[in-house]
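# Secondary and tertiary structure notes
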Amino acid sequence: MAAKARYEVGDLVKIKDDCAIPYFAGKLAIITRQMGRDRMDIVGGFYYEVILSDTTKNHIFNHAELELLSRRK
């Protein structure tokens, strides 16, 4: 059975405080694209491109570094 992505385009997320790069911790972001599953990740991790609320730059995060705040309706 294929793993299902946790987040959808347009979802509002928060970067978790224990993310790999402390600079991003606690920032708000919108999911802009599902990048797909990491085949090397044994737990089936997905990656997402997000745009941070305080910049116009896109960044890529693993699903484990994101916390859902609100679903796009």
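The text that follows walks through the structure, step by step, so that each part is easy to find. Throughout, residues of each chain are indexed from 1 in the direction in which the sequence is written. In view of the model being predicted, local features appear only for residues whose pLDDT reaches at least 70, and side-chain atom pairs are presented and counted only at 80 or more, with totals across whole chains, interfaces and linings using the full set of residues. Computation of side-chain values: all heavy atoms of the structure, hydrogens and water removed.

## What about the pairing of strand β2 (residues 28–37)?
DSSP calls a pair of strands paired once it identifies at least 2 bridges connecting them. Secondary structure counts use DSSP, requiring at least four H or I residues in a row for a helix and at least two E residues in a row for a strand, with both numbered from the N terminus. Pairing analysis gives 3 bridges linking strand β1 (residues 12–15) to β2, with the strands arranged antiparallel. Within β2, the position partnered with Val-13 by the bridge is Ala-29.

## Considerations on the packing of aromatic side chains
Each Phe, Tyr or Trp ring, with Trp reduced to its six-membered ring, pairs with another whose centre is within 6.5 Å; inter-plane angles below 30 degrees give stacked pairs, above 60 give edge-to-face pairs, and intermediate values give tilted ones. Under the criterion given, the structure shown has 3 aromatic pairs. Look at Tyr-7 and Tyr-48: their rings are 5.3 Å apart centre to centre, the planes differ by 70 degrees, and that puts the pair in the edge-to-face class. Separated by 41 residues along the polypeptide, Tyr-7 in the segment before β1 and Tyr-48 in strand β3 (residues 46–52) bring together distant segments of the chain. Ring plane angle 85 degrees and centroid distance 5.3 Å describe the contact between Phe-24 and Phe-61, whose orientation is recorded as edge-to-face. Separated by 37 residues along the polypeptide, Phe-24 in the loop between β1 and β2 and Phe-61 in strand β4 (residues 58–62) bring together distant segments of the chain. Accessibility classification places Phe-24 together with Phe-61 in one group, the buried group. Whether a residue is buried, partly exposed or exposed follows from its accessible area with a 1.4 Å probe, protein chains only, as a fraction of its type maximum: under 20%, in between, or over 50%, in that order.

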